[in-house]
Amino acid sequence: METKRNLKYFTSKGINPVLVAGLIIVALGLILMIVPQTRPFGLVIALVGVGVAVFASGTKSGESEIDNQIEGVIKDIPEQAMIKHEVYERHFNPIIKPVFLKGFDYRAEGVMCKKCPDYKYRTSEYNAAQLYFSREKIVVYGKHFSIVDDSEAVNYEICGAANYEDIKEARIEESTFTLADGRTVPVHSFVLETKTGEKLVDFSVEYGADVDKAAADINHAVEKMTIKAMEKAADKAAKREALRRGEVLKYE
C-alpha cells in the first residue's frame, strides 16, 4: 500500500504548484522551439518541463491507483474466508448464495474523505467481508484497513460465525457523514446482528439494490433454517422421550 502517496492525495488542496511550474516550463520551451535559432535550447527546456510535471504528478496517488490498491487487498478475501472457517463449496447452503460486502469506511475516528473528479467520495479507510452460508451457520471473514496508515491499530481482521437460530436480523442503517465544508454525504451501513447483540458485520458499504437483496436473502434464509433447526430439535426430543418411555415400560 502506497500510504505516503495516498496520504498526499487526501491532504493536498488546490492546484499543485510544482505541476503548474512544469507546465509553464514546457510552454516556454515550445515557444522557443518556434524560432529556428533557439529550437535546440527550447527542446531542452521543454524536456525539463515535462520532467518536472511528471515528477509533480507522481508525488501523490490518483483515483485509479487507490482503487487498484484496494482491489489488491480484497481480491483474496473469498478464498481466505474459506480457509479461515474451513467452509468450502460442498458445504454451501443451496437456498442462499455467498455475499460479498465492501465499501469505504465513513465511521472510523479521524477518517479523511475527499470528493473525487469522478464524483465519488473516497475515504482513507476501507472495509470488505465475505459471508458464506453453510447448512448450520453463517460465517464472516473480512478486513478493515487504512490506505494511509499501515499500523495494526487500523488494519485488522473481521471474523465471526453464528448459527441461523442465533441470528436476529440483517439490516441496512442510514446515516450521514459531514465533510469539512459542512456538506453531508449519505452513508449506508450493513449490519448482521445476533440475538445477544453481537454484530458479526457492522460497516458502511457501497449501497445499491444488491445490498438490499443481500439483507433480504439473509433474513429469508435465517427464517427458513431456524424453523428447520427447531423441527430437528423437536424431532430429537420426541425420539428421546419415546426412548425414555420404552425404558420405563421395560422395567415395569
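Position labels on residues start from 1 in each chain and follow its written sequence. A pLDDT threshold of at least 70 governs which residues receive local features in this predicted model, and a stricter bar of 80 or more applies before side-chain atom pairs are shown or counted, although totals over entire chains, interfaces and linings include all residues. Where side-chain values are given, they derive from all heavy atoms of the structure, hydrogens and water being excluded.

1. What about a negative patch on the surface?
Logical step 1: The patches reported here contain residues having more than 30% relative accessible area and no salt bridge. Joining distances are 9 Å for like charges and 5 Å for nonpolar side chains (Val, Leu, Ile, Met, Phe, Trp, Tyr). Accessible areas in this description were obtained via Shrake-Rupley with a 1.4 Å probe; residue shielding takes into account the shown protein chains only. Note on definitions: salt bridges are taken to be side-chain nitrogens of Lys or Arg within 4 Å of carboxyl oxygens of Asp or Glu. Counted charges follow a simple rule, with Lys and Arg positive, Asp and Glu negative, and His plus the chain ends left uncounted. Where a charge sits is defined by one atom per residue type, namely NZ (Lys), CZ (Arg), CG (Asp) or CD (Glu). Where like charges cluster on the molecular surface, the negative patch consists of Glu174, Glu206, Asp210 and Asp212.
Logical step 2: Buried means the residue's accessible area, taken with a 1.4 Å probe over protein chains only, is under 20% of the maximum for its type, while exposed means over 50%, and partly exposed covers the values in between. For Asp210, a relative accessible area of 56% translates into the label exposed.

2. Considerations on the side chain of His188
Logical step 1: Helix and strand labels come from DSSP, where a helix needs a run of H or I of at least four residues and a strand needs a run of E of at least two; each type is numbered from the N terminus. Positionally, His188 belongs in strand E8 (residues 184–194).
Logical step 2: Note on contacts: a residue pair is in contact if any heavy atoms of the two residues lie within 4.5 Å. Ignoring any residue separated from it by four or fewer positions in sequence, one finds His188 in contact with Ile172, Glu173, Glu174, Phe203, Ser204, Val205 and Tyr207.

3. Digging into a positive patch on the surface
Logical step 1: A surface patch of like charges, here positive, comprises Arg135, Lys228, Lys232, Lys236 and Arg240.
Logical step 2: Summarising the element assignment, Lys232 is placed in helix H6 (residues 209–251).

4. Here we look at the sheet that holds strand E7 (residues 167–178)
Each strand in a sheet pairs with another by means of backbone hydrogen bonds, the pair being arranged parallel or else antiparallel.
Logical step 1: Spatial ordering of the open sheet is given by E7-E8-E9, a layout of three strands whose pairing is antiparallel. Only two strands of the sheet have a single partner each, and these edge strands are E7 and strand E9 (199–204). Averaged over all neighbouring strand pairs, the angle between strand axes comes to 15 degrees, with direction disregarded. Strand pairing is assigned whenever DSSP identifies at least 2 bridges connecting the two strands. Between the N-to-C directions of two axes lies an angle of 0 to 180 degrees, each axis being a line fitted to C-alpha atoms and, for a helix, fitted only over the stretch in contact.

5. Remarks on the nonpolar core
Logical step 1: By nonpolar core is meant a set of buried Ala, Val, Leu, Ile, Met, Phe, Trp, Tyr and Cys residues that side-chain atoms within 4.5 Å join together. The biggest cluster of nonpolar side chains holds 27 residues, and the ones touching the most others in it are Ile70, Ile74, Tyr126, Tyr132, Ile147 and Phe177.
Logical step 2: Apart from residues no more than four positions distant in its own chain, Tyr132 is found in contact with Pro78, Ala81, Met82, Val87, Phe92, Pro98, Lys137, Ile138 and Val139.
Logical step 3: Core analysis: the next-biggest nonpolar cluster, separate from the first, contains 26 residues, Leu101, Ile138, Leu192 and Ala215 among them.

6. Section: helix H1 (residues 3–11)
Logical step 1: All buried positions along H1 are accounted for by Thr3, Asn6, Tyr9 and Phe10. Down the axis of H1, the buried set is contained in an arc of 115 degrees. They therefore lie on one face. Read the arc as the range of directions from the helix axis to the C-beta atoms.

7. Thoughts on the sheet that holds strand E5 (residues 137–146)
Logical step 1: Taking strand neighbours across the sheet as the criterion, the four strands line up as E1-E4-E5-E6 in an open arrangement whose pairing is antiparallel. Both outer strands of the open sheet, strand E1 (99–104) and strand E6 (156–163), are each paired with one neighbouring strand and no more. Geometrically, the sheet is characterised by an average inter-axis angle of 10 degrees between neighbouring strands, direction not taken into account.
Logical step 2: Of the strand pairs in this sheet, strand E4 (residues 125–133) and E5 are connected by nine bridges, and their pairing is antiparallel. From the neighbouring strand, Tyr126 faces E5, where its bridge partner is Phe145.
Logical step 3: The strands touched by helix H5 (residues 77–85) within the sheet are E1, E4, E5 and E6, with E5 carrying the most contacts at an inclination of about 130 degrees.

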